[in-house]
Amino acid sequence: MRKKKRKTHPSSKKKKTSEPQSNPSYGTKEGSCGYGNLSKDQYPFWQVGAFATSNKYFKSIPGSACGTCWEIQCVEGKEFSGRCRDGGGKSVTITITDSCPECGADHMDLQALVFDKLSPMPLGRINMKYR
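Residues numbered from 1 in each chain as written. Predicted model: local features only at pLDDT ≥ 70, side-chain atom pairs only at ≥ 80, totals over all residues. Heavy atoms only, no water.

Q: Quick question: what am I supposed to make of the state of the cysteines here?
A: A covalent bond bridging the sulfur atoms of two cysteines is what the word disulfide describes. Counting across every chain of the model gives 3 disulfides. Residue C74 pairs covalently with C84 via a disulfide, S to S 2.0 Å. Disulfide C74-C84: the torsion about the S-S bond is -85°, which places it as left-handed. On the criterion of sequence distance, the pair formed by C74 in strand β3 (residues 69–74) and C84 in the loop between β3 and β4 (91–100) is long-range, its members being 10 residues apart. Residue C74 is classed as buried on the basis of its relative accessible area, which comes to 2%. If the cysteines joined by disulfides in the protein chain are listed in sequence order, their pairing comes out as 1-2, 3-4, 5-6. (Disulfide = S-S within 2.5 Å. Helix = DSSP H or I, 4+ residues; strand = E, 2+ residues; numbered from the N terminus. Buried < 20%, exposed > 50% of the residue type's maximum accessible area, 1.4 Å probe, protein only.)

Structure follows, in structure tokens:
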């Protein structure tokens, strides 16, 4: 499986900037996949994310990639260097539970606490690989 390098930011659908997010999403109340209100105490434990609707995986995987699991890794890169916790290498596994129509094709939106495991949440965006 090839790893793809992408940028991401914690869920905050009110802002579309590269600035740090001031209103992060800590859970999910609604989502385009129809899972409803997810509990942080049950699988997938808020380890969730959303693909941009223009992302090739959103378009090519049946059901808009809903329910698929992805391993996400923060990597150092030109654009957002120095943002990975412990210099990168740490990964998390998420489940796609939503879509992000306002995100660019190279974005994946992560739930805020999941993002914080990879990079300090106030930084807002990171370079990443996912598979």
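There is more to say after this.
Q: Teacher, can you tell me more about the nonpolar core here?
A: The nonpolar side chains of a soluble globular protein tend to be buried with one another. Grouped together as the largest cluster of nonpolar side chains are 21 residues, with contacts concentrated most on F51, W70, I72, I94, M108 and Y130. Sorting the residues of this core by element identifies α1 (56–60), β3, β4, β5 (107–110), α2 (112–118) and β6 (126–130) as the ones contributing at least two each. With 4 residues, α2 is the largest single contributor of residues to this core. Leaving out residues up to four positions away in the same chain, F51 has contacts with Y57, F58, A65, W70, I96, D98, S99, C100, M108 and Y130. (Core = buried A, V, L, I, M, F, W, Y, C linked by side-chain atoms within 4.5 Å. Contact = heavy atoms within 4.5 Å.)

Q: Help me understand unusual backbone geometry, please; the structure alone is not making it clear to me.
A: Of note, S64 is a non-glycine position whose phi angle comes to about 55°, a positive value. Topologically, S64 is positioned in the loop between α1 and β3. A residue is classified by how much of its surface remains accessible, and S64, at 27% relative accessible area, is partly exposed. Here A65, not a glycine, exhibits a phi torsion of approximately 70°, which is positive. Relative to the assigned elements, A65 resides in the loop between α1 and β3. Look at A65 and you get buried, because its relative accessible area is 0%.

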